[in-house]
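Structure at a glance
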Amino acid sequence: MEGIFFYWFAWIGWAYSTFLMKTAPRRTVYSALLLILLITHGLVLDTGRLSIHCSFLILALSCYLWILRLPFKMVLYYVFCTFLIALSYNAMLLFSMYDPVWIVVQVKWLLAGALFVFSLMLIKDSHYRPLVLTGGFCVGEALYHLVIQKLTSGIELGSLNFLDVVTLSLALCFVSRGVQQFGHFLSAEAGKGKMIKRVSRVRAR
């Protein structure tokens with residue numbers, strides 16, 4: 001069912017940020033943003049042949065506003081990365097449309113997994129990876145519909161299928177960050193254990 005991953009993970013994320021995160025300004029921002037996305041998806045700006053979901057506009061604006069707050073060199077690099085992700089998104093969608101025989105995995109899973117791996121190579125900072133990845137998806141969605149506009153009767157930006165792809169990629173980002181933090185925790189605990197053994201040996205002498 002289209003949109004099931006978006007609704008599941010959005011509600012889970014909202015519950016986590018609202019009730020489990022430590023009190024901080026970003027907690028309020030995350031909770032408000034997720035709730036606004038859930039509420040506004042049903043609102044559509046329709047101009048006849050073009051339909052834009054309000055959630056798509058809010059998602060794109062939020063990502064780029066966050067990126068533009070960074071230092072100038074980082075802004076240039078991250079904007080460049082969003083366009084690389086957008087081009088990759090377009091290439092994969094066009095390939096799946098013109099030659100679907102080679103696609104053995106569901107397209108949304110393929111897009112989410114492949115572009116997440118691509119973002120790992122482009123962006124080292126796990127804090128900014130979800131922003132750049134989401135911004136790239138939004139630009140890629142707009143470019144894709146611009147390319148195929150003559151082949152379709154209407155253009156819809158921010159469909160539930162698109163939000164599923166974004167949600168799956170973001171879920172992979174947060175899982176990888178959690179695994180990374182868990183690895184740091186284990187290495188820190190191992191370091192403490194070695195330190196305790198060294199201290200005990202010194203005292204024994």
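My aim in this report is to walk through the structure given alongside it, one point at a time. (Residues numbered from 1 in each chain as written. Predicted model: local features only at pLDDT ≥ 70, side-chain atom pairs only at ≥ 80, totals over all residues. Heavy atoms only, no water.)

1. Let's talk about the layout of surface pockets
Estimated volume of the largest pocket: approximately 1400 Å³. In terms of lining residues, the largest pocket is bounded by 35 residues, among which M21, Y30, P130, F174 and R177 are the most central. Top element by residues in the lining of the largest pocket is helix α7 (residues 160–204). It accounts for nine residues. For the lining of the largest pocket, the residue count by class is 23 nonpolar, eight polar and four charged. L93, E141, S159, N161 and F162 are the residues nearest the centre of the second largest pocket, which is lined by 14 residues in total. Of all elements in the fold, only α4 (72–98), α5 (107–122), α6 (129–147) and α7 reach the threshold of two or more residues within the lining of the second largest pocket. By residue class, the composition of the lining of the second largest pocket is seven nonpolar, four polar and three charged. (1 Å grid on protein atoms, 1.4 Å probe; cavity = no way out; pocket = protein on both sides within 12 Å on 5 of 7 lines; lining within 4 Å. Points joined across faces, edges and corners; volume = space filled by probe spheres on them. Helix = DSSP H or I, 4+ residues; strand = E, 2+ residues; numbered from the N terminus. Nonpolar A, V, L, I, M, F, W, Y, C, P; charged D, E, K, R; others polar.)

2. A word on the sheet that holds strand β3 (residues 155–157)
Ordered in space as β1-β2-β3, the three strands form an open sheet in which the pairing is mixed. Two strands bound the open sheet, and with one partner strand each, they are β1 (44–46) and β3. For this sheet, the mean angle separating the axes of adjacent strands, direction not counted, is 15°. Pairing between β1 and strand β2 (residues 50–53): three bridges, direction antiparallel. Note on β2: the bridge partner recorded for V44 is H53. Here helix α3 (residues 54–68) sits on the sheet and contacts β1, β2 and β3; the angle it forms with β2, its principal contact strand, is near 60°. (Pairing = 2+ DSSP bridges. Axes fitted to C-alpha atoms, helices over the stretch in contact; angles between N-to-C directions. Contact = heavy atoms within 4.5 Å.)

3. Comments concerning α3
For α3, with 15 residues, the first-to-last C-alpha span of 21 Å sits near the 21 Å given by 1.5 Å per residue. Residues of α3 that are buried include every one of C54, S55, F56, L59, A60, S62, C63 and I67, and no others. (Expected span 1.5 Å × (residues − 1). Buried < 20%, exposed > 50% of the residue type's maximum accessible area, 1.4 Å probe, protein only.)

4. Regarding the pairing of β2
Linking two consecutive strands that pair antiparallel, namely β1 and β2, is a turn of three residues; a positive phi of about 100° is found at G48 within it. In terms of strand pairing, β2 meets β3 through three bridges, oriented parallel. Residue pairing across strands places S51 opposite E156, the latter belonging to β3.

5. Description of a nonpolar patch on the surface
A contiguous nonpolar surface patch, about 490 Å² in accessible area, is contributed by L45, L57, L61, L65 and L68. Looking at the nonpolar patch element by element, the count peaks at four residues for α3. Relative to the assigned elements, L45 resides in strand β1. The class of L45 is partly exposed, set by a relative accessible area of 44%. (Patch = residues over 30% accessible without salt bridge, like charges linked within 9 Å, V, L, I, M, F, W, Y side chains within 5 Å. Areas by Shrake-Rupley, 256 points an atom, 1.4 Å probe, with all protein chains shown as cover. Salt bridge = Lys/Arg side-chain N within 4 Å of Asp/Glu carboxyl O.)

6. What to know about the side chain of N90
Residue placement: N90 occurs in helix α4. Within the local environment of N90, its side chain forms a polar contact with the backbone oxygen of A86, the two atoms lying 2.9 Å apart. Leave out the neighbours within four places in its chain, and N90 touches G140, L143, Y144 and V147. (Polar contact = N/O pair within 3.5 Å; in protein donor to acceptor, adjacent residues only side chain to side chain.)

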